[in-house]
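The chain contents come next:
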Amino acid sequence: MLDYRVGEPIADTKAPEGPIGERWSTRKFEAKLVNPSNRRKHKVIVVGTGLAGGSAGATLAEQGYHVIQFCFQDSPRRAHSVAAQGGINAAKNYRNDGDSVYRLFYDTVKGGDFRSRESNVHRLAEVSVQIIDQCVAQGVPFAREYGGLLDTRSFGGVQVQRTFYARGQTGQQLLIGAYQALERQIDEGNIELHTRTEMLDLIVIDGKARGIVARDLTTGKLTTYLADAVVLATGGYGNVFYLSTNAKGSNASAIWRAHKRGAYMANPCYTQIHPTCIPRSGDYQSKLTLMSESLRNDGRIWTPKREGDDRPANEIPEEERDYYLERQYPSFGNLVPRDIASRAAKTQCDIGKGVGPGGLGVYLDFADAIARMGQPAVEAKYGNLFDMYQRITAENPYKVPMRIYPAIHYTMGGLWVDYDLQTTIPGLFAIGEANFSDHGANRLGASALMQGLADGYFILPTTLNHYIASNKFPDVDAADPAVAEVETGVQERLEKLLSINGTRTADSFHRELGTLMWDYAGMSRNDGGLRKALDRIPELREEFWRSVKVPGTGFALNQQLEKANRVADFLEFGELLVLDALVREESAGGHFREEHQDSDGEAARDDENFAHVAAWEYCGPGENPVLHKEALEFDYVHLTQRSYA
């Protein structure tokens, strides 16, 4: 089993001093600037073209930098951000319902179970109001109410309506806005875009990130790209669980390779379970489908009161239904945070009140909403989501309740970054879901799009400017030994994967790893299960390197080679995730340790011992990682037990 040791604490996050509402303004003023004519002399690599990467690349190019941008999809428009459905948060207070920047800040810290950095979260809340103006100016077709103002709706964990949306296609519409800005800069010659190209390693020279080695997924050619800074906007690591709501191509390789080059990995055990997913239907399934959290605005969640009641939903009378979220959490009802709603659904299923095949489901019922609003109004708000559900399940949600069950969705952990979004490797920045910075132990719904665009449009362009202005960048020769070492390592790894010629596919290893992760480090965790996983994962990894079969060659399109390369990283990353979960002897947000719960079965934090960020340092093959702790201080949102009752 993997062990660890404790290293020096992280003392400086670069967050300015002073009142929290003034810190971002202070940082922007104190940041060094780069003369516009000098920006043309600098190259910046951006890996990823989702909301974070697309907005960052477009903005940096607009500033004058030469951007070299990468995505492994065939178009930036196919980044996984396109799948986001429900909305994006912003403290505009258009509803005049008491919202404010401070309330968004407070809700986010509380929703994350007091495990996020106050300075970063307040900055996110401040910038949120600018994001909506930016996107409207780009033509994003947000929904509007009768008077013409932008419409909003509620999401979990809050009591105001601050979520802006474009039906159930918000991510797609926001991504088109960023994509248009990106394409404009490509046409201007300021962005050099490489599609179907995957980063396989990071180049660090004299302690600074100076480039990447990438593989053309069509031809197999390996190419080195050099620059003055590298930005990772590659999303989260949810697919370590195999079954998740993430696109099948989503992976952890970019951040994991950066971690092995010296970037700390923070809070990998903080993974989010989304309560509103279509239940798994069979062993053949390769991914899960999300139903937007926005459905919880008007849909009511319930199970039969009687265990084992397998009557069709419409035959169960009202008095025999348990609207358990409304009963347990009357102040928030069906809009409690995701971690709480997910555990409540699991509890209902565990005690035998689940519905559908295997009893792994609860009902999400729109009968009351249709009776109150009329079916045309429900269709106008949620029609595309209802259509998607019917295509997948062959059930009509206008006539019978949807069946939903929790699934892996988002990851709050990621590369450790300071206030400037810079990792522990100078010149390497991580933005969006690739970093850990804003969501603590649980992300509130509609905040992922907010963070990605805040990082890309507004925060990184300021802090990266400061980095460029503060450093000198001697030319790097492609023949530099540090470059050659990385190139050789990548080539040898691919050749090794191709030469094993074993008997098992990469998918079979991934599926087995995912089962281990879900069973022992999924929605509920305990000491014994985590230790079992830590014993089995190294064995599975050794078997992988003995028995994986990768047909074909490395000199052409080879999707099995792509998969094997990513699964090899998951087999290493998964072990660190489980170790982090074992070391964190508390429950917080989505990290639920069965040994640490209060009398009501809710997560019980240990603020005395675990009010910190766990930042892990890689120390080499076969060496135990080092745990560095960043103490979390709460001067504006005082530590309390979360309550949504």
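The shown structure was predicted, so the numbers you read here are calculated from the model rather than taken from an experiment.

### Things to note about the overall build of the protein chain
Reasoning step 1: Across its full length, the protein chain holds 17 helices and 21 strands.
Reasoning step 2: Its C-alpha radius of gyration of 24 Å places the protein chain within 12% of the 26 Å reference for a compact globule of 645 residues.
Reasoning step 3: In terms of overall dimensions, the protein chain has a C-alpha envelope of 75 × 60 × 50 Å along the principal axes.
Reasoning step 4: Counting only residues that meet the buried cut, the protein chain has 60% of its 645 residues in that class.
Reasoning step 5: Taking all contacts inside the protein chain whose residues are at least 6 apart in sequence as the whole, residues at least 24 apart take part in 74%.
Reasoning step 6: Working note: accessible area of the protein chain is about 24000 Å², and carbon and sulfur atoms make up 47% of it.
Reasoning step 7: Of the charged side chains in the protein chain, 71 are positive and 85 negative; the average position of the first set lies 4 Å away from that of the second.

### Topic: the side chain of Lys208
Reasoning step 1: Note on placement: Lys208 falls in strand β9 (residues 208-216).
Reasoning step 2: For the buried Lys208, which has no salt bridge, the nearest side chain bearing the opposite charge is Asp206, at an N-O separation of 7.6 Å.
Reasoning step 3: A polar side-chain atom of Lys208 sits 3.3 Å from a polar atom in the side chain of Asn471.
Reasoning step 4: Look past the residues within four positions of Lys208 in its chain and what remains in contact with it is Ile203, Ile425, Pro426, Tyr467, Asn471 and Lys472.

### A few points about the pattern of salt bridges
Reasoning step 1: Considering all chains together, one arrives at 52 salt bridges under this definition.
Reasoning step 2: For Lys92, the salt bridge identified is with Asp133, shortest N-O distance 2.9 Å. Remark: Asp133 occurs in helix α5 (residues 118-137) and Lys92 occurs in the loop between β4 (88-89) and α4 (101-111); sequence separation between them is 41 residues.
Reasoning step 3: Note that Arg642 and Asp339 form a salt bridge whose closest N and O atoms lie 2.5 Å from each other. On the criterion of sequence distance, the pair formed by Arg642 in the segment after β21 (626-631) and Asp339 in helix α9 (residues 338-350) is long-range, its members being 303 residues apart.

### Focus: the domain arrangement of the protein chain
Reasoning step 1: Along its sequence, the protein chain is carved into domain 1 (5-270 + 412-470), domain 2 (274-409) and domain 3 (481-611).
Reasoning step 2: Just the C-alpha atoms count here: the centres of domain 2 and domain 3 sit 31 Å apart.
Reasoning step 3: Across the contact, 12 residues belong to domain 2 and nine residues belong to domain 3.
Reasoning step 4: Between domain 2 and domain 3, a total of about 800 Å² is buried, with carbon and sulfur atoms accounting for 57% of that surface.
Reasoning step 5: At the junction of domain 2 with domain 3, the criterion picks out zero salt bridges.
Reasoning step 6: Across the contact surface, domain 2 and domain 3 share four residue pairs in polar contact (both at pLDDT 80 or more).
Reasoning step 7: Ranked by residue count, the leading element in the side of domain 2 that touches domain 3 is α9, at five residues.
Reasoning step 8: Its residues placed into classes, the side of domain 2 that touches domain 3 shows six nonpolar, two polar and four charged.

### Here we look at the pairing of β9
Reasoning step 1: Counting buried residues along β9, eight of its nine residues qualify, which places the element largely inside the surrounding structure.
Reasoning step 2: With antiparallel pairing between neighbouring strands as the criterion, strand β8 (residues 197-205) and β9 make up a hairpin whose turn holds two residues, including Asp206 at a positive phi of roughly 55°.
Reasoning step 3: Where β9 folds back onto strand β10 (residues 222-226) in an antiparallel hairpin, the turn is made up of five residues, including Gly220, whose phi is positive at roughly 85°.

### Here's the deal with the state of the cysteines
Reasoning step 1: Considering all chains together, one arrives at zero disulfides under this definition.
Reasoning step 2: Free of any disulfide, Cys135 has its nearest cysteine sulfur in Cys71, 20 Å distant.

### Observations concerning the sheet that holds strand β2 (residues 43-47)
Reasoning step 1: Read across the sheet, five strands follow the order β7-β3-β2-β11-β19 without closing on themselves; strand pairing throughout is parallel. Single-partner strands in this sheet number two, and they are β7 (191-194) and β19 (428-430). Along the sheet, successive strands turn relative to each other by an average axial angle of 20°, direction set aside.
Reasoning step 2: In the sheet, strand β11 (residues 229-232) pairs with β19 via three bridges, with the strands oriented parallel. When the bridges of β19 are listed, Val230 appears paired with Leu428.
Reasoning step 3: Contacting β3 (66-70) and β7, helix α6 (residues 170-188) runs over the sheet at an angle of about 110° to β7.

### Examining the sheet that holds strand β16 (residues 362-365)
Reasoning step 1: In space, the five strands of this open sheet follow the order β13-β17-β16-β14-β15, with antiparallel pairing throughout. At either end of the open sheet lies a strand with only one pairing partner, and these are β13 (271-277) and β15 (321-322).
Reasoning step 2: One ladder, built from three bridges, connects strand β14 (residues 300-304) with β16; its direction is antiparallel. Opposite Arg300, over in β16, you have Asp365 as the bridge partner.
Reasoning step 3: α9 contacts β13, β14, β15, β16 and β17 (402-411) of the sheet and is inclined by roughly 65° relative to β13.

### Examining the packing of helix α13 (residues 481-500) against helix α15 (residues 527-547)
Reasoning step 1: With their axes 7 Å apart at the nearest point, α13 and α15 run at an angle of 75° to one another. Between α13 and α15, the crossing angle belongs to the class labelled roughly perpendicular. On the side of α13, the interface is formed by Arg493, Lys496, Leu497 and Ile500, while α15 contributes Phe544, Trp545, Arg546 and Ser547.
Reasoning step 2: Considered class by class, the residues forming the contact of α13 with α15 number four nonpolar, one polar and three charged.

Rules and cut-offs
- Residues numbered from 1 in each chain as written.
- Predicted model: local features only at pLDDT ≥ 70, side-chain atom pairs only at ≥ 80, totals over all residues.
- Heavy atoms only, no water.
- Helix = DSSP H or I, 4+ residues; strand = E, 2+ residues; numbered from the N terminus.
- Rg over C-alpha atoms; globule rule 2.2 N^0.38 Å.
- Buried < 20%, exposed > 50% of the residue type's maximum accessible area, 1.4 Å probe, protein only.
- Contact = heavy atoms within 4.5 Å.
- Areas by Shrake-Rupley, 256 points an atom, 1.4 Å probe, with all protein chains shown as cover.
- Lys, Arg positive; Asp, Glu negative; His and termini not counted.
- Charge placed at Lys NZ, Arg CZ, Asp CG, Glu CD.
- Salt bridge = Lys/Arg side-chain N within 4 Å of Asp/Glu carboxyl O.
- Polar contact = N/O pair within 3.5 Å; in protein donor to acceptor, adjacent residues only side chain to side chain.
- Domains from an automatic or database assignment.
- Buried area = accessible area lost by both parts, 1.4 Å probe.
- Nonpolar A, V, L, I, M, F, W, Y, C, P; charged D, E, K, R; others polar.
- Pairing = 2+ DSSP bridges.
- Disulfide = S-S within 2.5 Å.
- Axes fitted to C-alpha atoms, helices over the stretch in contact; angles between N-to-C directions.
- Parallel < 35°, antiparallel > 145°, perpendicular 65-115°, else oblique.

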